[in-house]
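Observations on chain architecture
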Amino acid sequence: MVHADASTFAEGITKEQAYQQVLDQAEGLFFEQRNWVCNLSNAASLLWHAYKSLPFPSNQVNWAGFYTLDPLSPPTSPQLILGPFQGKVACQTIAFGRGVCGAAAATGQTQLMRDVDAFPGHIACDEASRSEIVVPIADNVKGGVVVAIIDVDCSVVGGFDEVDRLWLERLAALVGGACDWP
Ligand code: SME
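Residues numbered from 1 in each chain as written. Predicted model: local features only at pLDDT ≥ 70, side-chain atom pairs only at ≥ 80, totals over all residues. Heavy atoms only, no water.

Moving on, we come to the pattern of salt bridges. Under the counting rule described, the total for this entry stands at six salt bridges. Note that Asp180 is salt-bridged to Arg34, the shortest N-O span being 2.8 Å. On the criterion of sequence distance, the pair formed by Asp180 in the segment after helix 4 (162-178) and Arg34 in the loop between helix 1 (15-30) and helix 2 (36-53) is long-range, its members being 146 residues apart. Between Asp117 and Arg130 there is a salt bridge, with the nearest N and O atoms lying 3.0 Å from each other. Pair noted here: Asp117 is in the loop between strand 4 (111-113) and strand 5 (131-139) and Arg130 is in the loop between strand 4 and strand 5, with a separation of 13 residues, a long-range link. Each member of the salt-bridge network shares a partner with another, and the members are Lys15, Asp161 and Asp164. (Salt bridge = Lys/Arg side-chain N within 4 Å of Asp/Glu carboxyl O. Helix = DSSP H or I, 4+ residues; strand = E, 2+ residues; numbered from the N terminus.)

In the region of the ligand, 13 residues are neighbours, and Val100, Cys101, Ile123, Glu132 and Asp153 sit closest. In the model, a nitrogen atom of the ligand is placed 2.7 Å from a nitrogen or oxygen of the Ile123 main chain. Here an oxygen atom of the ligand and a side-chain polar atom of Asp153 are 2.7 Å apart. Put simply, the ligand lies in the largest cavity. Counting residues per element, the ones that place at least two in the shell around the ligand are strand 1 (61-69), helix 3 (99-107) and strand 6 (145-154). Residue contributions to the shell around the ligand peak at three residues, all from helix 3. (Near = heavy atom within 4 Å. Polar contact = N/O pair within 3.5 Å; in protein donor to acceptor, adjacent residues only side chain to side chain. 1 Å grid on protein atoms, 1.4 Å probe; cavity = no way out; pocket = protein on both sides within 12 Å on 5 of 7 lines; lining within 4 Å. Sits in = over half its atoms within 2 Å of the grid points.)

What follows concerns the nonpolar core. With 40 residues, the main nonpolar core has Leu47, Ile137, Ile150, Val152, Leu168 and Leu171 as its most contacted residues. Elements with a contribution of two residues or more to this core: helix 1, helix 2, strand 1, strand 5, strand 6 and helix 4. Looking at which element gives the most residues to this core, the answer is helix 2, with eight residues. Membership of the second largest hydrophobic core comes to 16 residues, among which are Cys101, Ala105, Val116 and Ile149. (Core = buried A, V, L, I, M, F, W, Y, C linked by side-chain atoms within 4.5 Å. Buried < 20%, exposed > 50% of the residue type's maximum accessible area, 1.4 Å probe, protein only.)

Moving on: the environment of Val134. As for its position among the elements, Val134 is in strand 5. Along the sequence, Val134 and Gly99 sit 35 residues apart, while their C-alpha atoms lie 10 Å from each other. Not counting residues within four places of it along the chain, the set of residues in contact with Val134 comprises Val100, Cys101, Ala104, Gln109, Thr110, Gln111, Ile149, Ile150 and Asp151. (Contact = heavy atoms within 4.5 Å.)

Counted residue by residue, helix 3 has seven buried out of nine residues, so it is predominantly covered. When helix 3 is considered as a whole, its buried residues turn out to be Gly99, Val100, Cys101, Gly102, Ala103, Ala104 and Ala105. For helix 3, the elements touching its buried residues are strand 1, strand 2 (79-87), strand 3 (93-95), strand 4, strand 5 and strand 6. In the segment just after helix 3, Gly108 is the residue with positive phi, at about 75°.

Within this structure, the stated rule accounts for four aromatic pairs. A ring pair is formed by Trp63 and Tyr67, whose centres lie 5.9 Å apart and whose planes are at 25°; its orientation type is stacked. The exposure class of Tyr67 is buried, given its relative accessible area of 2%. Where Trp63 meets Phe85, the ring centres are 5.0 Å apart and the plane angle is 15°; that geometry is what we call stacked. Of the two residues, Trp63 sits in strand 1 while Phe85 sits in strand 2, which places them 22 residues apart along the sequence. We classify Phe85 as partly exposed; its relative accessible area is 25%. One aromatic cluster is present, formed by Tyr19, Tyr51 and Trp167 through successive ring pairs. The positively charged end of Lys52 is found above the aromatic ring belonging to Trp48, 4.8 Å away from the centroid. (Phe/Tyr/Trp six-rings, centres within 6.5 Å; stacked < 30°, edge-to-face > 60°. Lys NZ or Arg CZ within 6 Å of the ring centre and 35° of its normal.)

Rendered as structure tokens:
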């Protein structure tokens, strides 16, 4: 039985502990559930509430969610399409190679942007966003192709560090194997 308390994070926990809870709860929620909309929606909720429970700068996160590979885009020019998220409305589609999200999708590498203004192709869906981390999600059933990305934005410069990279990459690995991708 799913319980909304999964999104409740105790006061005073470390970032590592918050991410551990995100992973543990996600793993529980994904049990016998492989629908990607369902699982990414719950993962976005867990991430959002985790950041809001943490001290500065994590509590300044202003967008957390997913883009998925648009199944209608041709393999010769793939694009991402907006998936489940928490935060303000966002760009609907992003071509592979465009912006921070498109760079992660095209390279399969995490993009950690201390200051988005230093990234020439940054797509400003919300000009409040000042730093960003984007982690690709690969489908190992499909030979490791990028099927989605995790995108988290923060309204201050330097919102993310190597701890975020490590744990979001763990989340990406969990999500990648836990969903049937379109
Ligand atoms: N800033 C991103 C676009 C997505 S939104 O921030 C939600 C980028 O440059 O790829």
